[in-house]
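Architecture and fold: a report
Here's the letter readout for the chains.
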Amino acid sequence: MAKINLRDFYPFYHSDLFIEIPDEVETALLEAERLENNYIRRRFYNKAHYSLDANDGIEKDILLVPLTLYEIYEQKVTAEQLQAAIASLPPKQRKRIYAHYILGMSKSDIARTEGVDESAVRDAISRALKNMEKFLKKD
């Protein structure tokens, strides 16, 4: 049996707490600590020690590529066409499409809310998608 100080392994211990553990557990803990130290050394050696969470805008510039004017215009036109296609649907289909795709409700939740069978909701949503496809192809 080996004796360790939990404060060395867990940062939330603010005072020393010694416990006895089996030798296998001690070996595993020391191996994990050795691997962590090696990782830290490799990270500094390869100059990868900076954080993208430094709030200096690096991660924003990397991840959020600004859209071109053409892409902004294309998104706007697509959104308008989609809204027109949804508006062309009958009220029940429109309500079910909105609940399923915009609000993220499951088909069974929609059926339970409306007090109808789930197959009716599934059929209405599939018919609505076909109607929207026809409307969008027409334009």
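See the structure shown above.
A short tour of the structure in this document, coming up. (Residues numbered from 1 in each chain as written. Predicted model: local features only at pLDDT ≥ 70, side-chain atom pairs only at ≥ 80, totals over all residues. Heavy atoms only, no water.)

The next subject is a nonpolar patch on the surface. Among the surface-exposed residues, Y98, Y101, I102, L103 and L129 lie close enough to one another that they form a single nonpolar patch of about 520 Å² accessible area. Among the elements that line the nonpolar patch, the one with the most residues is helix α5 (residues 91–102), at 3 residues. Relative to the elements of secondary structure, I102 occurs in helix α5. By relative accessible area, I102 is classed as exposed at 54%. (Patch = residues over 30% accessible without salt bridge, like charges linked within 9 Å, V, L, I, M, F, W, Y side chains within 5 Å. Areas by Shrake-Rupley, 256 points an atom, 1.4 Å probe, with all protein chains shown as cover. Salt bridge = Lys/Arg side-chain N within 4 Å of Asp/Glu carboxyl O. Helix = DSSP H or I, 4+ residues; strand = E, 2+ residues; numbered from the N terminus. Buried < 20%, exposed > 50% of the residue type's maximum accessible area, 1.4 Å probe, protein only.)

What follows concerns the environment of D23. If you trace the backbone, D23 turns up in helix α2 (residues 23–45). The class for D23 is partly exposed, based on a relative accessible area of 40%. Separated by 21 residues in the primary sequence, D23 and A2 place their C-alpha atoms 5.8 Å from one another. In contact with D23, not counting residues within four places along its chain, are M1 and A2. (Contact = heavy atoms within 4.5 Å.)

Turning our attention to the packing of aromatic side chains. Aromatic ring pairs are defined here through the distance separating the ring centres and the angle between the ring planes. Scanning the model with the defined rule gives 3 aromatic pairs in all. Aromatic side chains Y10 and F12 sit 5.7 Å apart centroid to centroid with 40° between the ring planes, which places their arrangement in the tilted category. Assessed through its relative accessible area of 37%, Y10 is described here as partly exposed. The class for F12 is exposed, based on a relative accessible area of 57%. (Phe/Tyr/Trp six-rings, centres within 6.5 Å; stacked < 30°, edge-to-face > 60°.)

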